[in-house]
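The lines below spell out each chain.
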Amino acid sequence: MARMLRRLRKGFQSLTSFSAATIQPNLSASESSRSEVALLSFFSPKPRDFSLPNSSWGSEMMRLYDHYNSQCEAETEGGQTQGSPWQRLPSYNRSLKYAPGGVYLSKIVQSKARLFTRNIREPGAAFEYALFVNKGEKKCVCIFQAGWLLEGPPGHVHGGAIATMIDTVTGTHATFLSGPIMTANLNIAYRSPIPLGSTVLIESSLDTQEGRKTFISCKVMSTDGSKLHTEATVLFVSINVSHLVRGG
Ligand SMILES: CCCCCCCC/C=C\CCCCCCCC(=O)SCCNC(=O)CCNC(=O)[C@H](O)C(C)(C)COP(=O)(O)OP(=O)(O)OC[C@H]1O[C@@H](n2cnc3c(N)ncnc32)[C@H](O)[C@@H]1OP(=O)(O)O
């Protein structure tokens, strides 16, 4: 049990200690990002980072990725990091890779467990997204391209898929700010439908932290900011990681 808890804690801690990707000097940011993925998958034993660009990303997704990624802290040749409040958060297909599960999960289920938003293999089919956190302003921006498997109303994104992305972005943001949390309350107002295949911005901002409670607001908008698609308020409650192992 103590070993399980140590592994869970390690997973949460790693969320706040990522360093931004190093950009190769002779390539454009997009070329560099794409080649980084290819190289990683061939030579690195590291798990795949799903928030790096892939061939399914459209031009708007790439433009926004390059825009935010260029503002992130970069490692200099001396191994120092340049002071920038922005940081790109990597994203893996297991929420906590080493979490052994609770008494309520069999070993078979746990070994097959995959993060909901990262479990469809075909690039571009479902949730394509990358998150950037601004430590100074305590806000987080996600660029999200909604694939064809997320259809709800004809030609538009399912409300449950939008809720999933809001929970994912604000939940990651709350974890970054407050450590291990669970969503206690999620209120959503759907203002205008999101066309399937489009790229949108999801902005998460901290409202208040009161004891164990972290209150976050979230907006889903068109990339030029002219259209509000969805807004939400979310309450997260800090938990002791043993809450997850014991099954609540
Ligand atoms: C899971 C963590 C994710 C980490 C990410 C890791 C790295 C990143 C990797 C990948 C990114 C993906 C990120 C995804 C994130 C998704 C997160 C989810 O979707 S979580 C699943 C859905 N949520 C549940 O299943 C909760 C079920 N509920 C519970 O377990 C409990 O009710 C809990 C923990 C929420 C609270 O239980 P208590 O016993 O610990 O605490 P009490 O005393 O009830 O509440 C504490 C305070 O909060 C208020 N509170 C609690 N629930 C409330 C509610 N529903 N509405 C309003 N207030 C509430 C209470 O009134 C109290 O306030 P007063 O201190 O008295 O002021």
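Cut-offs and rules
Residues numbered from 1 in each chain as written. Predicted model: local features only at pLDDT ≥ 70, side-chain atom pairs only at ≥ 80, totals over all residues. Heavy atoms only, no water. UniProt positions renumbered as here; feature names shortened; annotations may be inferred. Helix = DSSP H or I, 4+ residues; strand = E, 2+ residues; numbered from the N terminus. Buried < 20%, exposed > 50% of the residue type's maximum accessible area, 1.4 Å probe, protein only. Areas by Shrake-Rupley, 256 points an atom, 1.4 Å probe, with all protein chains shown as cover. Polar contact = N/O pair within 3.5 Å; in protein donor to acceptor, adjacent residues only side chain to side chain. Contact = heavy atoms within 4.5 Å. 1 Å grid on protein atoms, 1.4 Å probe; cavity = no way out; pocket = protein on both sides within 12 Å on 5 of 7 lines; lining within 4 Å. Points joined across faces, edges and corners; volume = space filled by probe spheres on them. Nonpolar A, V, L, I, M, F, W, Y, C, P; charged D, E, K, R; others polar. Near = heavy atom within 4 Å. Salt bridge = Lys/Arg side-chain N within 4 Å of Asp/Glu carboxyl O. Pairing = 2+ DSSP bridges. Phe/Tyr/Trp six-rings, centres within 6.5 Å; stacked < 30°, edge-to-face > 60°. Lys NZ or Arg CZ within 6 Å of the ring centre and 35° of its normal.

- By the naming in an unreviewed UniProt entry, the protein goes by Acyl-coenzyme A thioesterase THEM4 and is assigned to Echeneis naucrates.
- Per UniProt, the protein carries the Sequence similarities (unreviewed entry) text "Belongs to the THEM4/THEM5 thioesterase family."

Structural notes on the overall build of the protein
Part 1 of the argument: Assigned secondary structure in the protein consists of six helices and seven strands.
Part 2 of the argument: The 248 residues of the protein split such that 42% are buried.
Part 3 of the argument: Approximately 13200 Å² of the protein is accessible, and the part contributed by carbon and sulfur atoms is 54%.

What about the side chain of Thr117?
Part 1 of the argument: Within the secondary structure layout, Thr117 lies in the loop between helix H4 (107–112) and strand E2 (127–134).
Part 2 of the argument: Judged by its relative accessible area of 5%, Thr117 is buried.
Part 3 of the argument: Within the structure, Thr117 has its side chain in polar contact with the side chain of Tyr129 (distance 2.6 Å).
Part 4 of the argument: Setting aside chain neighbours within four positions, we find Thr117 in contact with Phe127, Tyr129, Thr164, Met165 and Thr168.

Notes on empty space enclosed by the protein
Where empty space is left in the structure can be found by rolling a water-sized probe over the atoms.
Part 1 of the argument: One pass over the structure, following the stated rule, counts one cavity of 30 Å³ or more.
Part 2 of the argument: Put simply, the largest cavity is a space of about 120 Å³.
Part 3 of the argument: Forming the walls of the largest cavity are 15 residues, and the residues nearest its centre are Phe50, Ile120, Glu122, Phe127 and Glu128.
Part 4 of the argument: Of the residues assigned to the lining of the largest cavity, the class counts are six nonpolar, four polar and five charged.

Section: the site of the ligand
Part 1 of the argument: If you check the shell around the ligand, you find 18 residues, and the closest are Asp167, Ala184, Arg212, Lys213 and His243.
Part 2 of the argument: In the environment of the ligand, a nitrogen atom lies 3.0 Å from a nitrogen or oxygen atom belonging to the backbone of Thr183.
Part 3 of the argument: Measuring from an oxygen atom of the ligand, one finds a side-chain N or O atom of Lys213 at 2.8 Å.
Part 4 of the argument: Protein contact buries 54% of the 1300 Å² of open area that the ligand shows by itself.
Part 5 of the argument: For the shell around the ligand, the secondary-structure elements that each account for two or more residues are helix H5 (159–178), strand E4 (181–190) and strand E7 (228–238).

Some details on the pattern of salt bridges
Part 1 of the argument: Scanning the model with the defined rule gives four salt bridges in all.
Part 2 of the argument: The partner of Glu60 in a salt bridge is Arg63, with the nearest N and O atoms 2.8 Å apart. You can see Glu60 and its partner Arg63 sitting in helix H3 (residues 59–69), three residues apart, about one turn around the helix.
Part 3 of the argument: Overall, the relative accessible area of 26% leaves Glu60 in the partly exposed class.
Part 4 of the argument: Taking the shortest distance from any N to any O, the salt bridge between Glu231 and Arg191 comes out at 2.9 Å. Remark: Arg191 occurs in the loop between E4 and strand E5 (199–210) and Glu231 occurs in strand E7; sequence separation between them is 40 residues.
Part 5 of the argument: For Glu231, a relative accessible area of 24% corresponds to the partly exposed category.
Part 6 of the argument: Residue Arg191 is classed as exposed on the basis of its relative accessible area of 53%.

Here's the deal with the pairing of strand E6 (residues 213–222)
Part 1 of the argument: Pairing of E5 with E6, which is carried by 10 bridges, proceeds in the antiparallel orientation. Bridge pairing in E6 places Glu210 opposite Lys213.
Part 2 of the argument: Of the pairings in the sheet, the one linking E6 to E7 comprises nine bridges and is antiparallel in character. Its bridge partner lying in E7, Lys219 is registered against Glu231.
Part 3 of the argument: In this structure, the hairpin formed by E6 and E7 is closed by a connection of five residues, where Gly225 is found at a positive phi of approximately 80 degrees.

Section: the packing of aromatic side chains
Part 1 of the argument: This model, assessed by the stated rule, comprises six aromatic pairs.
Part 2 of the argument: Note on Trp57 and Tyr65: the rings are 5.5 Å apart at their centroids and 70 degrees apart in plane angle, and the pair reads as edge-to-face.
Part 3 of the argument: Within the aromatic cluster, the residues linked to one another by ring pairs are Trp57, Tyr65, Tyr68, Trp86 and Phe132.
Part 4 of the argument: Over the face of the ring belonging to Phe50 we find Arg48, whose NZ or CZ atom lies 4.1 Å from the ring centre.
Part 5 of the argument: The ring of Tyr129 carries Arg118 above its face, with NZ or CZ at 3.6 Å from the centroid.

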